[in-house]
Amino acid sequence: MSTVTAVTVADPQTRQAGFGRLMQSEWTKIRSVRSTIWSLALLLILFPGFTAGLVALAVSEWDNTSEADLALIVADPAGVILASGFLVGQLAICVLGVLVIASEYSTGMIRASLLAVPRRVPMLAAKATVFSLLVLAVSVVAAFASFFIGAAMLEEKAPVSLGDPGVFRAVVGSGLYLAVLGLFALAIGAIFRHPAAGITGVIAFVFVVAPMAQLLPGKLGEYLNAYLPTEAGPLIGQAVQGPDDLLSPWQGFGVLCLWTAALLALAAYLLKRRDA
């Protein structure tokens, strides 16, 4: 990491860099961090792995499953397949998103980065762009692998193919969801500026706030839960809108994008206002 920093600071052209040069610099930094490689490797392995395990369990317990649950599987087998790997995928991407920027603060590397690129918002935008494209590429590969594995295992129970209505969108949408969720986590990491605090904050938001919102009584809890980013966002990974879903798949994805844009705007504001 020190070599990368030295090169970045020493390069006189970097100070006059366009956005393309900033993206190249951020790509060099991101791919040189071990946590990036390990987190994305875990996503590629565990997303299909969890899918295979949970779908296999569903098939083995098919005769013992209630008719209501079977109806849900048959109605949207693609959504069931993709949802099986979402949990572990979310966890890996959330941790990676925080570390991508918070680790620069913990190591002091952010000072060298800002010295090389005094315009702070373009640097944050370049980092977010490179990171989201990388996560999108890996997540789409993992989603397609998971779908084909799950579809093969469900072929005799609930056949599904990419040509079925909404299925291709759901598979690609799974990658889109994880990519935007990564930006969501990156924004939180930029706001907290500390790896442990950032990871704690994003994990609490993803895995604690939503269940607590469900405990609120009446329509308040129902609507609040529906518009939380990690409840609305995964809808894009469903081929069919569920009967109890308040939002359509694209509406849910839009809600996640709005949350993420708001957090990135706050992160950019704080980056400009605070000392490194």
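Residues numbered from 1 in each chain as written. Predicted model: local features only at pLDDT ≥ 70, side-chain atom pairs only at ≥ 80, totals over all residues. Heavy atoms only, no water.

Q: Can you help me understand the nonpolar core in this one?
A: Considering soluble globular proteins, one finds that nonpolar side chains tend to be buried as a cluster. Counting 48 residues, the largest nonpolar core has Leu40, Leu124, Phe131, Tyr177, Leu178, Leu186 and Val202 as the members making the most contacts within it. At the level of elements, helix H3 (34–60), helix H5 (77–107), helix H6 (109–116), helix H7 (120–153), helix H8 (167–192), helix H9 (195–214) and helix H12 (249–273) are the ones that each hand at least two residues to this core. Dropping the residues within four chain positions of it, leucine 186 is found in contact with Gly97, Val98, Val100, Ile101, Leu124, Lys127, Ala128, Phe131 and Leu264. Core analysis: the second largest hydrophobic core is formed by 19 residues, Leu70, Ala78, Val160 and Ala170 among them. (Core = buried A, V, L, I, M, F, W, Y, C linked by side-chain atoms within 4.5 Å. Buried < 20%, exposed > 50% of the residue type's maximum accessible area, 1.4 Å probe, protein only. Helix = DSSP H or I, 4+ residues; strand = E, 2+ residues; numbered from the N terminus. Contact = heavy atoms within 4.5 Å.)

Q: Can you help me understand the environment of glutamate 104 in this one?
A: In this fold, glutamate 104 is placed in helix H5. Put simply, glutamate 104 and alanine 151 are 47 residues apart on the chain and 41 Å apart in space, counted from C-alpha to C-alpha. With sequence-adjacent residues up to four places away left out, glutamate 104 is seen in contact with Glu26, Lys29, Met109, Ile110, Ser113 and Lys127. Side chain to side chain, glutamate 104 and lysine 127 meet in a polar contact 2.4 Å long. (Polar contact = N/O pair within 3.5 Å; in protein donor to acceptor, adjacent residues only side chain to side chain.)

Q: It is not clear to me how H12 should be interpreted in this structure. Could you clarify?
A: For H12, spanning 25 residues, the distance from its first C-alpha to its last is 37 Å, which sits close to the expected 36 Å at 1.5 Å a residue. Among all positions in H12, only Pro249, Gly252, Phe253, Val255, Leu256, Thr260, Leu263, Leu264, Ala267, Ala268, Leu270 and Leu271 are buried. Tucked inside the fold, the buried residues of H12 contact H5, H7, H8 and helix H11 (229–232). (Expected span 1.5 Å × (residues − 1).)

Q: Whenever I open this one, the packing of aromatic side chains confuses me. Can you help?
A: Between two aromatic rings, the relevant description is the distance of the centres plus the angle of the planes. Inspection of the entire model under this criterion finds 6 aromatic pairs. Consider the rings of phenylalanine 147 and phenylalanine 148, whose centres lie 5.6 Å apart with planes at 65 degrees: the pair is edge-to-face. Given the relative accessible area of 1%, phenylalanine 147 is considered buried. On the basis of an interplanar angle of 70 degrees and a centroid distance of 5.4 Å, the ring pair of phenylalanine 205 and tryptophan 259 is categorised as edge-to-face. Within this pair, whereas phenylalanine 205 is found in helix H9, its partner tryptophan 259 is found in helix H12, the two being separated by 54 residues in sequence. (Phe/Tyr/Trp six-rings, centres within 6.5 Å; stacked < 30°, edge-to-face > 60°.)

Q: When you look at a nonpolar patch on the surface in this model, what are you seeing that I'm missing?
A: A surface patch of nonpolar side chains, about 280 Å² in accessible area, is lined by Leu44, Ile45 and Val141. The topology assignment puts isoleucine 45 in helix H3. (Patch = residues over 30% accessible without salt bridge, like charges linked within 9 Å, V, L, I, M, F, W, Y side chains within 5 Å. Areas by Shrake-Rupley, 256 points an atom, 1.4 Å probe, with all protein chains shown as cover. Salt bridge = Lys/Arg side-chain N within 4 Å of Asp/Glu carboxyl O.)

Q: Just checking my understanding: could you explain the pattern of salt bridges for this structure?
A: Should the charged atoms of two oppositely charged side chains come close, the side chains can pair. Inspection of the entire model under this criterion finds 4 salt bridges. As a salt-bridge pair, lysine 127 and glutamate 26 come within 2.7 Å of each other at their nearest N and O atoms. With a gap of 101 residues between them, lysine 127 in helix H7 and glutamate 26 in helix H2 (residues 19–31) connect regions that are remote in the sequence. Exposure remark for glutamate 26: the relative accessible area of 3% places this residue in the buried category. Between glutamate 104 and lysine 29 there is a salt bridge, with the nearest N and O atoms lying 3.5 Å from each other. Here glutamate 104, found in helix H5, pairs with lysine 29, found in helix H2; they are 75 residues apart in sequence, far enough to count as distant. The structure contains a network of salt bridges with shared partners spanning Glu26, Lys29, Glu104 and Lys127.

Q: Sorry if this is basic, but what is going on with the packing of H2 against H7 here?
A: Think of two packed helices as two axes; the pair is described by the angle between the axes and how far apart they sit. Two elements in contact, H2 and H7, have axes whose closest approach is 8 Å; the angle formed by their N-to-C orientations is 60 degrees. Taken together, the axis directions place H2 and H7 in an arrangement best described as oblique. Relative to H7, H2 is oriented so that their crossing is right-handed. In contact with Phe19, Leu22, Met23, Glu26, Trp27, Lys29 and Ile30 of H2, H7 contributes Pro122, Met123, Ala125, Ala126, Lys127, Thr129, Val130, Phe131 and Leu134. Grouping the constituent residues of the contact of H2 with H7 by class yields 12 nonpolar, 1 polar and 3 charged. (Axes fitted to C-alpha atoms, helices over the stretch in contact; angles between N-to-C directions. Parallel < 35°, antiparallel > 145°, perpendicular 65-115°, else oblique. Left-handed = near helix turned anticlockwise from the far one by under 90°. Nonpolar A, V, L, I, M, F, W, Y, C, P; charged D, E, K, R; others polar.)

Q: Would you explain the environment of asparagine 225 in this entry?
A: Within the secondary structure, asparagine 225 is located in helix H10 (residues 218–226). With 14 residues separating them along the chain, asparagine 225 and proline 211 place their C-alpha atoms 8.1 Å apart. Aside from chain neighbours lying at most four places away, what touches asparagine 225 is Ala210, Ala213, Gln214 and Glu231.

Q: Sorry if this is basic, but what is going on with unusual backbone geometry here?
A: Leaving glycine aside, a negative phi is the common case for residues, and trans is the common case for peptide bonds. One non-glycine residue, arginine 193, lies in positive phi territory at about 65 degrees. By the element assignment, arginine 193 lies in the loop between H8 and H9. Owing to a relative accessible area of 24%, arginine 193 belongs among the partly exposed residues under this scheme.

Q: Is there a simple way to think about empty space enclosed by the protein in this case?
A: Taking a probe equal in size to a water molecule and rolling it over the atoms shows the remaining empty space. Taken as a whole and judged by the stated rule, the model has 1 cavity of 30 Å³ or more. Space inside the largest cavity adds up to approximately 90 Å³. Surrounding the largest cavity, 12 residues form its lining, Lys29, Ile30, Val33, Val100 and Glu104 being those nearest its centre. At the level of elements, H2, H3 and H5 are the ones that each hand at least two residues to the lining of the largest cavity. The element contributing the most residues to the lining of the largest cavity is H5, with 4 residues. Grouping the constituent residues of the lining of the largest cavity by class yields 6 nonpolar, 3 polar and 3 charged. (1 Å grid on protein atoms, 1.4 Å probe; cavity = no way out; pocket = protein on both sides within 12 Å on 5 of 7 lines; lining within 4 Å. Points joined across faces, edges and corners; volume = space filled by probe spheres on them.)

This is a description of form; function is not addressed.
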